[in-house]
Amino acid sequence: MRETFRVTIGGAHAGLATTAVVVALFAAVGGTAWALIVGGAVALCFVVALSAAVGGGRRGRAAVTRAYLLTFGWAGWL
């Protein structure tokens, strides 16, 4: 079960790239306001994940890496 839900930094990079493309598409189709809304929602998810990582005892780069994996690591499952 643990191996099934494992995320990698490569998957997180792919998730970040996919998110950037989606935000750019929202900007092209829906305008700047929609791009800011979607980008803000992603940023909020990162801040919540960072708070959870810091609350879990991680500090500095380890906390940022964990939040990055939690926010964007979903692309590794695609």
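Here, the structure is the one placed above.
Calculation rules
- Residues numbered from 1 in each chain as written.
- Predicted model: local features only at pLDDT ≥ 70, side-chain atom pairs only at ≥ 80, totals over all residues.
- Heavy atoms only, no water.
- Axes fitted to C-alpha atoms, helices over the stretch in contact; angles between N-to-C directions.
- Helix = DSSP H or I, 4+ residues; strand = E, 2+ residues; numbered from the N terminus.
- Parallel < 35°, antiparallel > 145°, perpendicular 65-115°, else oblique.
- Left-handed = near helix turned anticlockwise from the far one by under 90°.
- Contact = heavy atoms within 4.5 Å.
- Nonpolar A, V, L, I, M, F, W, Y, C, P; charged D, E, K, R; others polar.
- Buried < 20%, exposed > 50% of the residue type's maximum accessible area, 1.4 Å probe, protein only.
- Patch = residues over 30% accessible without salt bridge, like charges linked within 9 Å, V, L, I, M, F, W, Y side chains within 5 Å.
- Areas by Shrake-Rupley, 256 points an atom, 1.4 Å probe, with all protein chains shown as cover.
- Salt bridge = Lys/Arg side-chain N within 4 Å of Asp/Glu carboxyl O.
- Expected span 1.5 Å × (residues − 1).

Asks: What should I look at first to understand the packing of helix α1 (residues 9-30) against helix α2 (residues 32-55) in this one?
Replies: Geometry of a packed helix pair, given as the angle between the helix axes and the separation of the axes. Axis separation between α1 and α2 bottoms out at 6 Å; the angle between their running directions is 155°. The orientation of α1 with respect to α2, classified from their angle, is roughly antiparallel. Pair α1 / α2 crosses with right-handed handedness. Along the contact surface, α1 presents Thr19, Val23, Phe26, Ala27 and Gly30, while α2 presents Thr32, Trp34, Ala35, Val38, Gly39 and Val42. When its residues are assigned to classes, the contact of α1 with α2 shows 7 nonpolar, 4 polar and no charged.

Asks: For this particular structure, what's the right way to read the side chain of threonine 19?
Replies: Relative to the helices and strands, threonine 19 is located in helix α1. Classification of threonine 19 by relative accessible area gives buried; the value is 13%. Beyond its immediate sequence surroundings of up to four residues, threonine 19 is in contact with Val42, Phe72 and Trp74.

Asks: Sorry if this is basic, but what is going on with the environment of alanine 20 here?
Replies: By secondary structure assignment, the location of alanine 20 is in helix α1. Note on alanine 20: relative accessible area 45%, which makes it partly exposed. On a C-alpha basis, the gap between alanine 20 and alanine 62 in space is 23 Å, while along the polypeptide they are 42 residues apart.

Asks: Would you take a moment to explain the packing of α1 against helix α3 (residues 60-72) for this structure?
Replies: Between α1 and α3, whose axes approach to 8 Å, the crossing angle comes to 60°. Overall, the two elements α1 and α3 adopt an arrangement that is oblique. As for the relative orientation of α1 and α3, their crossing is left-handed in sense. For the pair α1 and α3, contact is made by Ile9, Gly11, Ala12, His13, Gly15, Leu16 and Thr19 and by Tyr68, Leu69 and Phe72, respectively. Its residues placed into classes, the contact of α1 with α3 shows 6 nonpolar, 4 polar and no charged.

Asks: Honestly, a nonpolar patch on the surface in this entry has me stumped. Any pointers?
Replies: Taken together, the side chains of Val22, Phe26, Trp34 and Ile37 present a nonpolar region at the surface, about 370 Å² in accessible area. Within the residue set of the nonpolar patch, elements represented by two or more residues are α1 and α2. Structurally, isoleucine 37 is set in helix α2.

Asks: Got a minute to help me understand α2 in this structure?
Replies: Compared with an ideal rise of 1.5 Å per residue, which puts 24 residues at 34 Å, α2 spans 34 Å between its outermost C-alpha atoms and is within 8% of the ideal. Along α2, the residues classified as buried are Ala35, Val38, Ala49 and Ala53. Elements in contact with the buried residues of α2: α1 and α3. Positioned one or two residues after α2, glycine 57 has a phi angle of 105°, which is positive.

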